[in-house]
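Letter by letter, the chains look like this.
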Amino acid sequence: MMRWTKRFYHSLRWQMNLGLLLLTMGVVVVSVISYNQIKSFEKSAQLQASNYIPTLKTFTHIELTITRLSELSSGIRKSEANVETRVVMTNAQVLIEDLTYSLKMLEQTPQVLQLRKVLQSLSPNMQLLSEKQMAYHDLEQRFKRKVEEAIRYSTAVYTAQQDTIKVEEWRRLLLSFVSLSSSARQYEVRRILNQIETLVETLEDSPLSANRGAALVFGKLLHAQNGIIPLSKSLVSLRAEVTGIDTQNKILVGNIVDYSQRIYQEIQDHVSAQADGLVVTTNKTKQQLYVILVLETLFFIAIYVYCRRHLFARLTMLKDLVSSSEHVIEDKLKSFDQRNEIGSLVYQLRDYLATIGRQQTQLTQVSQQMQAVVSHSKSGIAVFKGTKILFSNAALEDIFPNLELKNVADLPEVLQVLAKPVAIEVDTKDGSMTLVKAYYDAPSERWFDVIGVNIFWGDNDALLVTFIDVTDREQAAQAYLETLSEVETKVKKDALTGLYNRNKFDQEMIEKQGKDFAILLFDIDHFKGYNDTLGHLQGDVALKAVANVIASTIKDSGTAIRYGGEEFVVILDNDSKDLAVQKATEILENVRELHEPHPISEHSYVTVSGGIVLSNEIANGTPLECFKLADNRLYEAKASGRNCLAM
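What comes next concerns the included structure. Bear in mind the structure is a predicted one, so any value in this text is a computation, not a measurement. (Residues numbered from 1 in each chain as written. Predicted model: local features only at pLDDT ≥ 70, side-chain atom pairs only at ≥ 80, totals over all residues. Heavy atoms only, no water.)

## Focus: the sheet that holds strand β3 (residues 425–426)
Piece 1. The six strands are arranged β2-β1-β6-β5-β4-β3 in an open sheet whose pairing can be described as antiparallel. Each end of this open sheet is capped by a strand with a single partner; those strands are β2 (388–392) and β3.
Piece 2. Across six bridges, the pairing between strand β4 (residues 433–441) and strand β5 (residues 446–457) is antiparallel. Its bridge partner lying in β5, T434 is registered against I451. (Pairing = 2+ DSSP bridges. Helix = DSSP H or I, 4+ residues; strand = E, 2+ residues; numbered from the N terminus.)

## A short note on a nonpolar patch on the surface
Piece 1. On the surface, a cluster of nonpolar side chains totalling about 660 Å² of accessible area is made up of V291, V294, L295, L298, I301, Y304 and V305.
Piece 2. Structurally, I301 is set in helix α7 (residues 228–324).
Piece 3. Taking relative accessible area as the criterion, I301 reaches 48% and is therefore assigned partly exposed. (Patch = residues over 30% accessible without salt bridge, like charges linked within 9 Å, V, L, I, M, F, W, Y side chains within 5 Å. Areas by Shrake-Rupley, 256 points an atom, 1.4 Å probe, with all protein chains shown as cover. Salt bridge = Lys/Arg side-chain N within 4 Å of Asp/Glu carboxyl O. Buried < 20%, exposed > 50% of the residue type's maximum accessible area, 1.4 Å probe, protein only.)

## Some words on the environment of D516
Piece 1. One can find D516 in the loop between α12 (502–511) and β7 (518–524).
Piece 2. In contact with D516, not counting residues within four places along its chain, are D573, N574, D575 and S615. (Contact = heavy atoms within 4.5 Å.)

## Points about the packing of aromatic side chains
Piece 1. Summed over all chains, the structure comprises eight aromatic pairs.
Piece 2. Measuring from ring centre to ring centre gives 6.4 Å for F400 and Y439, while their planes differ by 40°; the resulting arrangement is tilted. Remark: Y439 occurs in strand β4 and F400 occurs in the loop between α10 (394–399) and β3; sequence separation between them is 39 residues.
Piece 3. Judged by relative accessible area, which is 7%, Y439 ranks as buried.
Piece 4. Each member of the aromatic cluster is reached from another via a ring pair, and the members are F400, Y439, F448 and F467.
Piece 5. The aromatic ring of Y500 is capped on one face by K493, whose charged end is 4.2 Å from the ring centroid.
Piece 6. Over the face of the ring belonging to Y500 we find K504, whose NZ or CZ atom lies 4.9 Å from the ring centre. (Phe/Tyr/Trp six-rings, centres within 6.5 Å; stacked < 30°, edge-to-face > 60°. Lys NZ or Arg CZ within 6 Å of the ring centre and 35° of its normal.)

## Some remarks on α12
Piece 1. Among the residues of α12, those classed as buried are K504, F505, E508 and M509. Buried positions in α12, seen along its axis, are confined to an arc of 140° and lie on one side of it.
Piece 2. Next to the buried residues of α12 lie β7, β8 (558–564), β9 (567–572) and α16 (623–639).
Piece 3. Here α12 starts with a cap whose side-chain oxygen sits 3.0 Å from the backbone nitrogen of N503, and that cap is N501. (Arc of directions from axis to C-beta. Polar contact = N/O pair within 3.5 Å; in protein donor to acceptor, adjacent residues only side chain to side chain.)

## Notes on the pairing of strand β6 (residues 460–469)
Piece 1. For strand β1 (residues 380–385) and β6, the ladder comprises five bridges, and the chain directions are antiparallel. Its bridge partner being in β6, A382 is matched across the sheet by V465.
Piece 2. Bridging between β5 and β6 involves 10 bridges; their strand directions are antiparallel. Directly across from F456, in β6, lies its bridge partner D461.

## A closer look at the side chain of N531
Piece 1. Take N531: it is sitting in helix α13 (residues 527–534).
Piece 2. Aside from chain neighbours lying at most four places away, what touches N531 is H536 and G539.

## Observations concerning the packing of helix α14 (residues 536–554) against helix α15 (residues 577–592)
Piece 1. For the pair α14 and α15, interaxial distance at closest approach is 9 Å and the crossing angle is 145°. The handedness of the crossing between α14 and α15 is right-handed. For the pair α14 and α15, contact is made by V546, V549, I550, T553 and I554 and by K583, E586, I587, N590 and V591, respectively.
Piece 2. Here the residues of the contact of α14 with α15 are counted per class, giving six nonpolar, two polar and two charged. (Axes fitted to C-alpha atoms, helices over the stretch in contact; angles between N-to-C directions. Left-handed = near helix turned anticlockwise from the far one by under 90°. Nonpolar A, V, L, I, M, F, W, Y, C, P; charged D, E, K, R; others polar.)

## Some words on the pattern of salt bridges
Piece 1. Tallied over the entire structure, the rule returns 11 salt bridges.
Piece 2. Its salt-bridge partner being D449, residue R473 comes within 2.7 Å of it at the nearest N-O pair. Within this pair, whereas R473 is found in helix α11 (residues 471–491), its partner D449 is found in strand β5, the two being separated by 24 residues in sequence.
Piece 3. Here R473 falls in the partly exposed class, since its relative accessible area comes to 34%.
Piece 4. One salt bridge connects D525 with K638, and the closest N-O pair in it is separated by 3.3 Å. One end of the pair, D525, is in the loop between β7 and α13; the other, K638, is in helix α16, and 113 residues separate them in sequence.
Piece 5. Using a relative accessible area of 1% as the deciding quantity, one classes D525 as buried.
Piece 6. By relative accessible area, which is 15% here, K638 ends up buried.
Piece 7. Each of D449, R473 and E474 takes part in salt bridges that share partners, so that together they form one network.

## Some details on helix α2 (residues 82–105)
Piece 1. Spanning 24 residues, α2 covers 35 Å between terminal C-alpha atoms, matching the ideal 34 Å at 1.5 Å per step.
Piece 2. Looking at α2, one finds that the buried residues are N82, T85, V88, M89, A92, L95, I96, L99, S102 and L103. (Expected span 1.5 Å × (residues − 1).)

## Brief notes about the packing of α2 against helix α3 (residues 110–159)
Piece 1. Interaxial distance between α2 and α3 falls to 10 Å at its minimum, and their mutual angle equals 175°. It follows from the interaxial angle that α2 and α3 lie roughly antiparallel. On α3, the residues that touch N82, T85, R86, M89, A92, Q93, I96, L99, T100, L103 and K104 of α2 are V112, L115, R116, L119, S123, M126, Q127, S130, Q133, M134, H137 and D138.
Piece 2. Across the contact of α2 with α3, the residue classes break down as 10 nonpolar, nine polar and four charged. (Parallel < 35°, antiparallel > 145°, perpendicular 65-115°, else oblique.)

## Comments concerning the sheet that holds strand β11 (residues 645–646)
Note on sheets: strands pair through backbone hydrogen bonds, and any given pair is parallel or antiparallel.
Piece 1. The five strands lie next to each other as β8-β9-β7-β10-β11, forming an open sheet whose pairing is mixed. Edge positions in the sheet fall to β8 and β11, since each of these pairs with one other strand and no more.
Piece 2. Relative to β9, β7 runs antiparallel, the two sharing six bridges. Considered in β9, the bridge of A518 is made with L572.
Piece 3. Packed onto the sheet, α16 meets β7, β8, β9, β10 (608–614) and β11 and runs at close to 145° relative to β10.

## Notes on the nonpolar core
Burial of nonpolar side chains together is a common tendency in soluble globular proteins.
Piece 1. Judged by nonpolar contacts, the single largest core of 29 residues is most densely connected at F143, L173, F177, L180, I196, F218 and I228.
Piece 2. Among the secondary structure elements, those contributing two or more residues to this core are α3, α4 (167–182), α5 (186–204), α6 (209–223) and α7.
Piece 3. Not counting the four nearest positions on each side in its chain, F218 is found in contact with A150, Y153, S154, W170, L173, F177 and V200. (Core = buried A, V, L, I, M, F, W, Y, C linked by side-chain atoms within 4.5 Å.)

## Topic: the side chain of S432
Piece 1. Here S432 shows up in the loop between β3 and β4.
Piece 2. Classification of S432 as buried rests on a relative accessible area of 14%.
Piece 3. Among residues more than four places away in sequence, those in contact with S432 are E425, V426, D427, I451, G452 and V453.

Right, here's the structure in full:
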């Protein structure tokens with residue numbers, strides 16, 4: 001055998017580490033270049049974020065505030081009460097202070113200083129506007145009070161008027177004052193005042209002294225220093241002042257908007273120039289990255305070719321070598337270099353295959369011995385390979401005497417799962433699996449647990465299946481369940497009548513939740529008197545008789561329960577009204593036909609009264625609520641003369 005001198009560079013580990021190192025260096029170079037470019041972008045972004053974006057945000061806020069301030073200025077002009085004027089003015093002052101603060105935070109350029117100067121002029125104008133508007137409201141109130149005074153006086157004169165000739169003119173004067181109180185337009189006010197003056201002058205010429213005196217009073221109301229006409233003229237003058245100040249404010253607000261838009265546009269142009277510079281830088285970076293990606297791709301291809309030639313090709317040869325035969329052929333070993341890991345692995349594989357061959361021979365011998373053992377076992381045993389039965393002993397043939405036992409399909413259907421076994425229980429100690437638990441073989445009347453374990457049978461992996469007789473265990477379990485069922489039944493049975501008791505009633509109330517059912521509740525009429533007269537032993541006889549009638553009447557239609565004392569409950573399994581009425585009526589008639597004498601009953605014989613409730617009568621009701629309604633209807637039946645039904 002040729003001996004090789006092993007060097008460190010023959011090791012595949014060293015070669016792969018070298019390739020990984022070169023690959024890492026390439027990634028680091030790309031990362032450094034990318035990092036530097038990202039830092040450059042980051043600096044530009046920080047410059048934008050720290051210098052221009054806050055300024056743009058501030059000017060955006062200023063423009064929104066100016067818009068709101070313009071609305072408030074118009075709000076002062078349109079306010080209808082002093083309280084409203086003060087509230088609007090307070091909000092305007094807050095906005096002016098906010099604008100002043102925002103402008104102070106900006107760089108104090110000539111445009112910003114001019115903007116602040118205009119804002120300083122706006123504040124006193126807004127204050128003057130609010131003062132004039134409140135003075136207008138006060139004057140307007142005085143004017144309205146004078147008009148109301150004139151309306152009251154003219155109403156009094158009109159209603160007391162004796163001069164039938166002038167009564168129509170007094171009525172027109174009253175209507176004119178009423179129209180004046182509701183007029184909002186200046187030209188209408190002037191027209192009405194002219195009309196009123198004409199009427200008053202006409203009335204002053206009246207021959208009746210009362211009319212002349214009243215007309216003189218109206219003349220004072222109109223022309224006195226604080227009369228209606230002077231107040232009206234003052235209102236017109238003051239409204240003109242308010243309109244002029246409001247116009248000045250709008251011009252100032254427009255100047256503020258104009259200055260702010262100019263500054264905003266200048267900053268926006270500067271930011272656009274910065275963005276154009278970033279685009280140019282980005283394009284240069286793209287070109288650099290394209291070159292790097294091409295170089296990196298070539299580098300990866302070189303590494304791949306190297307790995308394919310020195311690693312992947314030999315791994316493929318190793319796969320072909322292992323799968324071609326059970327033993328490594330010496331001639332094929334010459335293709336591998338024992339100095340690296342793959343070559344060393346191939347030579348070790350040759351030794352392992354030789355060892356496995358020897359062990360396989362030993363396993364074959366053990367398998368033959370096992371076949372001899374299981375052939376004489378008293379338990380039924382079979383060996384399965386997929387769906388095929390490779391072996392079955394005599395004990396298994398005794399269990400299935402009429403089957404060929406060549407394939408899983410020959411077995412009963414319940415055992416067909418052995419073709420694809422799935423364990424329902426696993427014993428971790430010996431690796432056995434319970435495949436079928438308590439299989440019952442009808443011909444032999446025996447139970448078996450079917451246990452499986454994976455084995456090597458001949459030259460095949462197989463499944464060894466054992467049928468273990470567990471008849472004694474299953475019979476004991478069945479006896480226990482029967483005893484338990486009898487005990488549970490006795491717990492739910494009434495000892496006297498043989499009907500179910502309250503335990504069964506409670507269970508039914510739970511089980512009927514959300515289902516359709518009907519409740520029939522019966523009570524023996526005058527049963528206390530019956531017991532007091534004939535004795536409790538005779539009362540027990542009557543209870544048994546009534547219970548037998550109820551049980552025989554309903555049969556399989558529902559459940560009969562002795563609820564307590566002389567009360568009986570029947571729970572039908574559906575909510576059919578016809579069936580409920582039919583069964584309840586039959587019970588009443590069959591009890592009456594017992595002809596059981598009742599010494600104090602108005603019906604001479606033992607009778608029952610009943611209440612009927614269907615589950616669908618109470619929306620979303622519980623069974624107990626239905627029972628409570630049936631109990632109420634039972635009392636209705638008793639109140640109606642007994643020996644009857646209520647529903």
